[in-house]
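Listed here are the chains, written in short residue letters.
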Amino acid sequence: MLPSLANYFDITVDELIGMGEIVKTPKYTEWNCLWRENNEKKLHRDNVLLMRKVLKLFPNDGLLLVQLSTSLEKLDGTEEEKVQNLMESIALQEQILRYGEDSEVRGATLYNICFAYWKNGEREKALECARKLPNLYKARENALVHFLEGEEKHDVAKNALIPLAMSVTEHLSALAQTEENPVYYEKAEQILDLLFDGEENDIIAFVRKKLKERSEAQGKT
């Protein structure tokens, strides 16, 4: 009965029975670490089971709901099963947007649900959510670099380069496709070389791979 009661009052089971944050945090962190490990190993079915179990203890937790919805969309199966998983993922994300208070989780969910709606054929909903997202000028990192100093300022600026690079390559790829001009792909490669020469990581390697695939695909058309 405890999960049901906690859900009714929109609090966690810990809060319902008076457990402190000190007791909750280590186990909660452990489960999140396990989710990340499973995700890296592509054990998405294990993660679905894990998140369903943990959500019984922490219902309406935004991060856990995000992790469950993400895992559902990555599951293999028949086309019918994939549609069912996508529909459940959308329902979970809509729940976050209705009740979630964490601004970062809400922002990530609003971004993710755009693609979920699009995959589900709900074009207008996808566009509506996409237009609610903040523009590039209003990003958190763009504000923080003005107010931080020293190592903190350095870390924010350094870490911002990866999402900025991803954004630049996406937009240059879009220009290459809409203008039918492959020179934009070359510009994207040059920017990646300038920003990350000798400092590659898995994300940038993936960005380069996608860029190459798009360039080659457009060259064949």
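Read on for an overview of the structure.

Thresholds, definitions, all that
- Residues numbered from 1 in each chain as written.
- Predicted model: local features only at pLDDT ≥ 70, side-chain atom pairs only at ≥ 80, totals over all residues.
- Heavy atoms only, no water.
- Phe/Tyr/Trp six-rings, centres within 6.5 Å; stacked < 30°, edge-to-face > 60°.
- Helix = DSSP H or I, 4+ residues; strand = E, 2+ residues; numbered from the N terminus.
- Buried < 20%, exposed > 50% of the residue type's maximum accessible area, 1.4 Å probe, protein only.
- Axes fitted to C-alpha atoms, helices over the stretch in contact; angles between N-to-C directions.
- Parallel < 35°, antiparallel > 145°, perpendicular 65-115°, else oblique.
- Left-handed = near helix turned anticlockwise from the far one by under 90°.
- Contact = heavy atoms within 4.5 Å.
- Nonpolar A, V, L, I, M, F, W, Y, C, P; charged D, E, K, R; others polar.

Overview of the packing of aromatic side chains
Piece 1. A complete count under the given rule lists three aromatic pairs for this structure.
Piece 2. When the centroid spacing of 5.2 Å and the interplanar angle of 55° are considered together, the rings of Tyr111 and Phe115 count as tilted. You can see Tyr111 and its partner Phe115 sitting in helix α7 (residues 103-119), four residues apart, about one turn around the helix.
Piece 3. Here Tyr111 falls in the partly exposed class, since its relative accessible area comes to 45%.
Piece 4. The class for Phe115 is partly exposed, based on a relative accessible area of 48%.
Piece 5. Clustering of aromatic rings is evident, with ring pairs tying together Tyr28, Trp31 and Phe58.

What about the packing of helix α6 (residues 79-99) against α7?
Piece 1. In the contact formed by α6 and α7, the axes pass within 9 Å of each other and the chain directions differ by 150°. Comparing their axes, α7 and α6 come out roughly antiparallel. Every pair of crossing elements has a handedness; the one defined by α6 and α7 is left-handed. Judged by residue contacts, Leu86, Ile90, Gln93, Glu94, Ile96, Leu97 and Arg98 of α6 engage Val105, Arg106, Thr109, Leu110, Asn112, Ile113, Ala116, Tyr117 and Lys119 from α7.
Piece 2. Here the residues of the contact of α6 with α7 are counted per class, giving nine nonpolar, three polar and four charged.

A word on the packing of helix α9 (residues 140-147) against helix α10 (residues 150-178)
Piece 1. At a minimum axis separation of 9 Å, α9 and α10 run at an interaxial angle of 155°. By the angle between their directions, the pair α9 and α10 is classed as roughly antiparallel. Note that α9 runs across α10; the crossing there is left-handed. Together, Glu141, Leu144 and Val145 of α9 and Lys153, Val156, Ala157 and Ala160 of α10 make up the contact between the two elements.

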